[in-house]
Amino acid sequence: MTSKSMQTLPDNQNDTTDADTKSGPTDMSLSKETSTSRLTIDSLIDAQVDFMQQWLLQQAEPLALEAWQWFGAQPLSKYITCDHLQYLMKDWLLNQPMTDVMRKDIRDILHTLIYHPINDNVPLSELVDDNQVETLANYIGSHEQQRNVLIHTLVGNETFADLLTQTLYHAINDFMETTLDKAGGVGKLMKLGRSSFEKATNRNLDEKLQTYLHRNIKDLTRRAEANAQAHLSNQEVARLLIMGWDRIKDQPISELQTYLNDEPDNSSIDHIEASIQQSYNRLRLSPYLHSLVSASIETWYTNHHSDTMATIVSSLHIDEAAMKQCTTALLPIVSDAIKTPWLSAYLREMLQAFYTQPAIKEGLALNHD
């Protein structure tokens, strides 16, 4: 506004009337006065912006700690409701699929961990303590009902009996064929007797043999199941598990790599990650999981809604000492942010808005006069 008056004033001087000439010096004086005041305000704003940035740089660390102390003293329920947490967990996290970038990072990290050279020199016992194995073995052994179900599934089922029947039948048949071929005339006589038996009874000897084996093997599997349930006591089951662990615990962790494929087109890690993702994507949208998440959040919020922020984060070992370390680490970022041109522009815009208020402008004009 002032600069425009100063630019147009010389152009109007040639066309002025006497009245305009009389009023000209006064208008020019006012224009100069306004211009001087405007320049003074701009200079003041620049000085204030510089001062505020320097002050913030010096006070960044204590300000951050004081802000943390204030925030830590506030109760959770003052700013965060249970509905906020429900939205965060369900509408934001569960409803969003894992990005391809994150999935690739997971696969790469798993590959690095599994195929790291250090695994060649570290035994499996480094991952699992003997006491943990013993505790787990005793726990498994103590579940007698589940153990009996497992034994029945492995030993007493029809599939196992059929498999054993076929195995024994083929073994006996192969033995008989081989023996008869080597027996010469006696073997031919035995084959003739077999043929006569089948004609007289209208029964195939192979079928008769399989029926006999199956009937007797079913009885044998029932006995084997009963013996296993009787002799595999809690202590015996635990002992077998511990013995199995003792045989493998000194092997290197890299031994696990033998059960995995690491080919570009057939990577076990890719298959495992894809399978987990498939299960996750199916569950994260299911009403079942959403119900469990809602119940869990409500339980947690009920337990902690009256706690202060400091009390809540203390469970993550975040205290004032940890915040000091965090603040120290973040100071370079804060300092760079304070020095940025965008912060200067915002401060300058804020101060200009302040000084253009009518009351402030009037006060500055009076002080100038």
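Preceding this paragraph is the structure being described.
Residues numbered from 1 in each chain as written. Predicted model: local features only at pLDDT ≥ 70, side-chain atom pairs only at ≥ 80, totals over all residues. Heavy atoms only, no water.

A closer look at the overall build of the protein chain
Scanning the protein chain for helices and strands turns up 17 helices and two strands. Summed over all atoms, the accessible surface of the protein chain reaches about 26,500 Å², with 60% contributed by carbon and sulfur. (Helix = DSSP H or I, 4+ residues; strand = E, 2+ residues; numbered from the N terminus. Areas by Shrake-Rupley, 256 points an atom, 1.4 Å probe, with all protein chains shown as cover.)

A few points about the side chain of serine 344
On the secondary structure map, serine 344 appears in helix α16 (residues 341-355). The exposure class of serine 344 is buried, given its relative accessible area of 13%. When near neighbours in sequence (up to four residues on either side) are disregarded, serine 344 contacts Val49 and Gln53. (Buried < 20%, exposed > 50% of the residue type's maximum accessible area, 1.4 Å probe, protein only. Contact = heavy atoms within 4.5 Å.)

Here's the deal with the packing of helix α5 (residues 100-114) against helix α12 (residues 268-284)
Contact geometry for α5 and α12: axes closest at 10 Å, N-to-C directions at 135°. In terms of orientation, α5 and α12 fall into the oblique class. Like other packed secondary-structure pairs, α5 and α12 cross with a definite hand, here right-handed. Counted together, Arg103, Ile106, Arg107, Leu110, His111 and Ile114 of α5 and Ile269, Asp270, Glu273, Ala274 and Gln277 of α12 form the full contact between these two elements. Its residues assigned to classes, the contact of α5 with α12 comprises five nonpolar, two polar and four charged. (Axes fitted to C-alpha atoms, helices over the stretch in contact; angles between N-to-C directions. Parallel < 35°, antiparallel > 145°, perpendicular 65-115°, else oblique. Left-handed = near helix turned anticlockwise from the far one by under 90°. Nonpolar A, V, L, I, M, F, W, Y, C, P; charged D, E, K, R; others polar.)

Everything listed is a geometric property; what it means functionally is a separate question.
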